Each structure stands twice: as structure tokens, then as C-alpha cells.
Amino acid sequence: MSLSGKVALVTGATSGIGRATAELLAERGAHVVVSGRDAERGAEAVRQIRDAGGVADFAGAELSGAADARALVRAAEELLGPVDILVNNAAIAVFGATASIAEDDFDACYAINVKVPFFLVGAVAPGMAARGGGVIVNVSTMVASFGTAGSAVYASSKAALELLTKSWAAEFGPHKVRVNAVAPGPTRTEGTTGQYGAERLAALGAQAPARRVAEAREIAETIGFLVGDQAGFVHGAILPADGGRTAV
Ligand SMILES: NC(=O)c1ccc[n+]([C@@H]2O[C@H](COP(=O)([O-])OP(=O)(O)OC[C@H]3O[C@@H](n4cnc5c(N)ncnc54)[C@H](OP(=O)(O)O)[C@@H]3O)[C@@H](O)[C@H]2O)c1
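Throughout, a residue's number is its position along its own chain's written sequence, starting from 1. Owing to the predicted nature of the model, reporting of local features is limited to residues with pLDDT of at least 70; listing and counting of side-chain atom pairs is limited to 80 or more, with chain, interface and lining totals taken over all residues. Calculation of side-chain values draws on the structure's entire complement of heavy atoms; hydrogens and water are dropped beforehand.

S.K.: What is the right way to look at the overall build of the protein chain in this model?
M.R.: Put simply, DSSP H or I for four residues or longer makes a helix, DSSP E for two residues or longer makes a strand, and each gets a number counted from the N terminus. Along its length, the protein chain carries 8 helices and 9 strands. As defined in this context, the radius of gyration uses C-alpha atoms, and a globule is described by 2.2 Å times the residue total to the power 0.38. Computed over C-alpha atoms, the radius of gyration of the protein chain comes to 17 Å, within 12% of the 18 Å expected from 2.2 N^0.38 for 248 residues, which places it in the range of a compact globule. Counting only C-alpha atoms and orienting by the principal axes, one finds that the protein chain spans roughly 45 × 35 × 35 Å. Three labels apply to residues, based on accessible area from a 1.4 Å probe with only protein chains included: buried if under 20% of the type maximum, exposed if over 50%, partly exposed otherwise in between. A burial count over the protein chain gives 49% of its 248 residues as buried. Sequence separation of 24 or more characterises 72% of the internal contacts of the protein chain that already satisfy a separation of 6 or more. Using a 1.4 Å probe, the Shrake-Rupley method yields the accessible areas, and only the shown protein chains count as cover for residues. Element-wise, carbon and sulfur atoms account for 54% of the exposed surface of the protein chain, whose accessible area totals about 11,000 Å². Within this scheme the basic residues Lys and Arg register as positive and the acidic residues Asp and Glu register as negative, but His and the chain ends are omitted. Charge placement uses NZ in Lys and CZ in Arg. For Asp and Glu, CG and CD serve respectively. Positive and negative charge centroids in the protein chain, built from 21 and 25 side chains respectively, lie 5 Å apart. Only heavy atoms matter for contacts: two residues are in contact if any of them lie within 4.5 Å across the pair.

Next comes the structure, spelled out in C-alpha cells:
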């Protein structure tokens, strides 16, 4: 389980699943670059990791394209060294009827959910390969696997991320860089609590065999599995962590 001394860059680590993942990877010995927009919550996440004996630094970034992605990788490397583990977690959800979606919202959703992971991988994967290997985990969603009215923009952006996961497994797997994705179901985070409210989130959770919402730590554990050597033969997988929702 040890990730001792490995440098992990986690996007969207100031909140929810990303923050829980940053904490879990640090507990396993990784040196974690906590990234996000909110410097205050970034500092709090770093403080919590350090108080628990871990190693972490904050790299603030408002990400929307190739230049920001490359700048974030440079910042991460200056803070803690070359990136061994990348978790593409930062995302936004744009919901609504297709005819009601503003072009700017469509572009913002595809920028952070698709374009930024694309250019982050382009910035880190060749270096991982040159140093003998690395791990990338993309955070998708269960709604990338089935149609739901009102989720077209968000769900299709994550479906693109899932196909990128497989494309990158083909491209980088032969160079010892494993690329996988986790596809969570409804999870209690700052983002979902604000967007849905507790009641609607609970109703979504109740649709799955598990009959409940996930805690962010449970999704982080799934990401931690994909990062670790136990998953050494897992390449290009989209691992559902959705209480069984997509299985039934
Ligand atoms: N929670 C769920 O039910 C659920 C279900 C399925 C999939 N997911 C996926 O899981 C991931 C995390 O979800 P969550 O609910 O934990 O999210 P969240 O609480 O809303 O947090 C989102 C994180 O992404 C960062 N972020 C958003 N836009 C950004 C941008 N343009 N540049 C840089 N950072 C940006 C935020 O930074 P700041 O807060 O610092 O602004 C924050 O750290 C996402 O990929 C989401 O699609 C979540």
C-alpha cells in the first residue's frame, strides 16, 4: 500500500472527493500537491495533512486550458518534484435542458472536465514514462454510462474523459504508465450538497442497490486502489463506485 515519496498531483483537492483523495494518498506516504482555486481551503487541506504527519503543498490554479495545465505541472514540480501520480478530479457539473444551456456554460464544463485533463496528461505522462512509470486516475461519473434528461453536457464531458482513459491506456500503458478511471455515484461533498441539497442527494442514492449516498472517503479509497500496486494489472478500466447503480 505504500506510496512512500511518490509525488501526487490531485486537482480539485480543496473540496470533497479530491480533498479526501489527497488525505488518503498522503496517509500512504505520497507527497501531495493539493490543487484548487480556493487558497484558504487549500491551506486548510495542507495543514490537515501536515498535522497528520504527511507531506503536502498547495498549488492554486484556476484551470481552463493547456496553458494553465502546463503551468500547474511546472508549479507542482517546483514544489515537490516530478509528478508520479496524477488524479484528474477537478470538474464542474452543468445541468439543464439542452435548449437552455448557454454556450459559455457548455465551454466551461468541457474546459475543466475534458480539456484540462487532456493537457495535464500531455504535460506529465511523457515524463512518467521517461522515469520508468506512473499512474493516472481520472474521476468520471456513473451518468457517463446511461442517459438522463438534463445531464447531457456534464455526462457527455465525462464520457469523453472515459474514452480518453482508454486512449491513454493504449498510448502510455506500454511505457509503464497505468491510466484508469473511477465512476462514482452520488457522493456527499461540498459540491453536491450545494448543488442538490441533502434531500435530493439522498433520493438519488436510494436508487442504487446500496440504498445510500457515498462518503467522499469511499471514493478516495477506490482511487487509492487504482493508484496502488495491487492494481498493477489494471489498465484502461472504468471502475464504478456507485453502490451498484449502473449494474442493475
Ligand atoms: N459528488 C458526487 O456525487 C460525484 C458523483 C460523480 C462524480 N463526481 C466527480 O467527482 C469529482 C469531485 O466531485 P466533488 O463533488 O468532490 O466536487 P466539489 O466538491 O464540487 O469540488 C470540486 C473541486 O474542483 C475544483 N475546481 C472546479 N473547477 C475548477 C477550475 N476551473 N479550476 C481549478 N479547480 C477547479 C474546486 O476548486 P475550488 O473549490 O477551490 O474552487 C474543488 O476543489 C468531479 O470530477 C465530479 O464530476 C462527483
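S.K.: Sorry, what's going on with the packing of helix 4 (residues 103–130) against helix 5 (residues 152–172) here?
M.R.: Two packed helices can be described by the angle between their axes and the distance between those axes. Think of each axis as a best-fit line through the C-alpha atoms, taken over the contacting stretch in the case of a helix, with angles from 0 to 180 degrees between the N-to-C directions. Viewed as axis vectors pointing N to C, helix 4 and helix 5 meet at an angle of 15 degrees, and their least axial separation amounts to 9 Å. Viewed along their axes, helix 4 and helix 5 adopt a mutual orientation that is roughly parallel. The hand of the helix 4/helix 5 crossing is right-handed. Between helix 4 and helix 5, the residues in contact are Phe 106, Cys 109, Tyr 110, Asn 113, Val 114, Pro 117, Phe 118, Val 121, Ala 125 and Pro 126 and Val 153, Tyr 154, Ser 156, Ser 157, Lys 158, Ala 160, Leu 161, Leu 164, Trp 168 and Phe 172, respectively. All amino acids are sorted into three groups, where Ala, Val, Leu, Ile, Met, Phe, Trp, Tyr, Cys and Pro are nonpolar, Asp, Glu, Lys and Arg are charged, and the leftover types, Gly among them, are polar. Taken together, the residues of the contact of helix 4 with helix 5 sort by class into 16 nonpolar, 3 polar and 1 charged. Here roughly perpendicular refers to angles of 65 to 115 degrees, roughly parallel to angles under 35, roughly antiparallel to angles over 145, and oblique to all remaining angles. When the near helix sits turned anticlockwise from the far one by under a right angle, the crossing is termed left-handed; a clockwise turn instead gives a right-handed crossing.

S.K.: Can you help me understand the sheet that holds strand 5 (residues 134–139) in this one?
M.R.: Sheet strands line up and pair through hydrogen bonds in the backbone, either parallel or antiparallel. At least two DSSP bridges between two strands are needed for those strands to be called paired. The strand order across the open sheet formed by 7 strands is 3-2-1-4-5-6-9, and the pairing between neighbours is parallel. The sheet terminates laterally at strand 3 (55–60) and strand 9 (238–241), the two strands that pair on one side only. Adjacent strand axes in the sheet meet at a mean angle of 20 degrees when their direction is disregarded. For strand 6 (residues 177–184) and strand 9, the ladder comprises 4 bridges, and the chain directions are parallel. What sits directly across from Ala 181, in strand 9, is Ile 238. Packing of helix 2 (residues 39–51) onto the sheet brings it into contact with strand 2 (31–36) and strand 3, and relative to strand 3 it is tilted by some 170 degrees.

S.K.: I keep staring at the pattern of salt bridges and nothing clicks. Help me out?
M.R.: Pairing between side chains of opposite charge can happen when their charged atoms approach one another. Whenever a carboxyl oxygen of Asp or Glu lies within 4 Å of a side-chain nitrogen of Lys or Arg, that contact is scored as a salt bridge. With the rule as written, the count across this model stands at 9 salt bridges. Arg 188 is the salt-bridge partner of Glu 215, the closest N and O atoms lying 2.9 Å from each other. Highlighted residues: Glu 215 in strand 8 (residues 214–215) and Arg 188 in strand 7 (residues 187–188), separated in sequence by 27 residues. For Glu 221, the salt bridge goes to Arg 217, with nearest N and O atoms at 3.3 Å. With Glu 221 and Arg 217 both in helix 8 (residues 216–227), this residue pair falls 4 residues apart, about one helical turn. Note on Glu 221: relative accessible area 32%, which makes it partly exposed.

S.K.: It is not clear to me how the site of the ligand should be interpreted in this structure. Could you clarify?
M.R.: Every one of the 31 residues lining the ligand counts as a neighbour, but Thr 14, Ser 15, Arg 37, Tyr 154 and Thr 189 are closest to it. Polar contacts, as used here, are pairs of N or O atoms within 3.5 Å; protein pairs need one atom able to donate a hydrogen and one able to accept it. Residues neighboring in sequence count only if both atoms are side-chain atoms. The side chain of Ser 15 places a nitrogen or oxygen atom 2.6 Å from an oxygen atom of the ligand. Thr 187 has a polar backbone atom sitting 2.7 Å from an oxygen atom of the ligand. Coverage of the ligand by the protein amounts to 90% of the 910 Å² it exposes when considered alone. Nearness is defined per residue: one heavy atom within 4 Å of the molecule or strand is enough.

S.K.: Please explain the packing of helix 1 (residues 16–27) against helix 8 as it appears in this structure.
M.R.: For the pair helix 1 and helix 8, interaxial distance at closest approach is 8 Å and the crossing angle is 50 degrees. Here helix 1 lies oblique to helix 8, going by the angle between them. Considering only the axes of helix 1 and helix 8, their crossing is right-handed. Contacts between helix 1 and helix 8 involve Gly 16, Ile 17, Ala 20, Thr 21, Leu 24, Leu 25 and Glu 27 from the former and Ala 216, Arg 217, Ile 219, Ala 220, Glu 221, Ile 223, Gly 224 and Val 227 from the latter. Here the contact of helix 1 with helix 8 is built from residues that sort into 9 nonpolar, 3 polar and 3 charged.

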